[in-house]
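Listed below, chain by chain, are the residues.
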Amino acid sequence: MKKLKIGGYLCALAAILGLVGTILTIVSGMVSVDNPLANTGMIAAAGFVGAALCVLAIFAPSRWGNFDLVGSASILGAIALYCYTFGAAVGQRVMLVAGLFSFNAANEAGWSVFYVSVGAWACLLLGCVLLVASGFMKSVKEA
């Protein structure tokens, strides 16, 4: 960990944001019995595997050097899984959001689900942005 540079720190932050986003996505499906998420297990698995790939992208360059194949593939895989988690969550919340902003504005449980969902979406998107940025930066100090 002493050898990490900015790319490694960005991956670590992306892993934390991905975990938080995934947990908030799971919580958003449990806030109200009226608004559950279908395929919660698949969404959770994708988010957690994405975070694990971020951790792999942190440690792979210390073994094989900066911009190695394993680290780069891990970053791309994590971005894909975070985007899947984001897309699956947004796709299932579209009708809820449309209802809240039109005819069902008094639905307090719906607003709670919406606020938790927005937090999850923000974490996942920011995690993707950080992963893209880290892919272009060195992750470890070279000897």
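These numbers were taken from a predicted model, which means no experiment stands behind them. (Residues numbered from 1 in each chain as written. Predicted model: local features only at pLDDT ≥ 70, side-chain atom pairs only at ≥ 80, totals over all residues. Heavy atoms only, no water.)

Section: the overall build of the chain
The line we're drawing: Where helices and strands are cited, they refer to DSSP runs of H or I of at least four residues and of E of at least two residues respectively, numbered from the N terminus. Exposure is judged per residue with a 1.4 Å probe applied to protein chains only, and the accessible area is read against the type maximum: over 50% gives exposed, under 20% gives buried, and values in between give partly exposed. The contact definition used throughout considers only heavy atoms, calling two residues in contact when any of these lie within 4.5 Å. His is not counted, nor are the chain ends; Lys and Arg add positive charge and Asp and Glu add negative charge. The location of each charge is read from NZ of Lys, CZ of Arg, CG of Asp or CD of Glu.
Helix and strand counts for the chain come out as four helices and zero strands. What you see in the chain, going N to C, is helices and strands ordered as α-α-α-α. When the backbone C-alpha atoms are referred to their principal axes, the chain occupies close to 60 × 25 × 20 Å. Per-residue burial for the chain yields a buried fraction of 43% across its 143 residues. Long-range contacts, defined here as pairs at least 24 residues apart, represent 79% of the contacts in the chain between residues at least 6 apart. Here the chain contributes 7 positively and 4 negatively charged side chains, and the mean placements of these two sets differ by 21 Å.

A few points about the packing of aromatic side chains
We count it as follows: Between the rings of Phe, Tyr and Trp (Trp by its six-membered ring), a pair exists once the centres lie within 6.5 Å; its type follows the angle of the planes, with under 30 degrees stacked, over 60 edge-to-face, and the other angles tilted.
Taken as a whole, this structure holds six aromatic pairs when the rule is applied. Ring plane angle 85 degrees and centroid distance 5.6 Å describe the contact between Trp111 and Phe114, whose orientation is recorded as edge-to-face. Note that Trp111 and Phe114 are positioned in helix 4 (residues 108–134) at a spacing of three residues, about one turn of the helix. For the pair Trp111 and Phe114, a shared accessibility class is recorded, and that class is buried. Among the aromatic residues, ring-to-ring pairing joins Phe101, Trp111, Phe114 and Tyr115 into one connected group.

Some words on the environment of Ser72
Among the structural elements, Ser72 can be located in helix 3 (residues 69–100). We classify Ser72 as partly exposed; its relative accessible area is 32%. When the C-alpha atoms of Ser72 and Ile6 are compared, they prove to be 15 Å apart, with 66 residues separating the residues in sequence.

Focus: helix 4
Defined as follows: Any helix carries an expected span of 1.5 Å times its number of residues minus one. Polar contacts here mean pairs of N or O atoms no more than 3.5 Å apart (in protein, one a potential hydrogen donor and the other a potential acceptor; neighbouring residues in sequence count only if both atoms are side-chain atoms).
Over its 27 residues, helix 4 runs 39 Å from end to end, which matches the ideal 39 Å to within 8%, given 1.5 Å per residue. Its side-chain oxygen 3.4 Å from the backbone nitrogen of Ala109, Asn107 forms the N-cap of helix 4.

Here's the deal with a nonpolar patch on the surface
Keep this limit in mind: Put simply, a patch holds well-exposed residues, over 30% relative accessible area, that have no salt bridge, with like charges counted together within 9 Å and Val, Leu, Ile, Met, Phe, Trp or Tyr side chains within 5 Å. For accessible areas, the Shrake-Rupley method is used with a probe of radius 1.4 Å. Any residue's cover is judged against the shown protein chains and nothing else. Each salt bridge in this description consists of a side-chain nitrogen of Lys or Arg and a carboxyl oxygen of Asp or Glu lying within 4 Å of one another.
A cluster of nonpolar side chains, contributed by Leu19, Ile23, Val27, Val31 and Phe48, occupies part of the molecular surface with about 370 Å² of accessible area. Among the elements that line the nonpolar patch, the one with the most residues is helix 1 (residues 6–30), at three residues. By the element assignment, Val31 lies in the loop between helix 1 and helix 2 (40–64). The class for Val31 is partly exposed, based on a relative accessible area of 37%.

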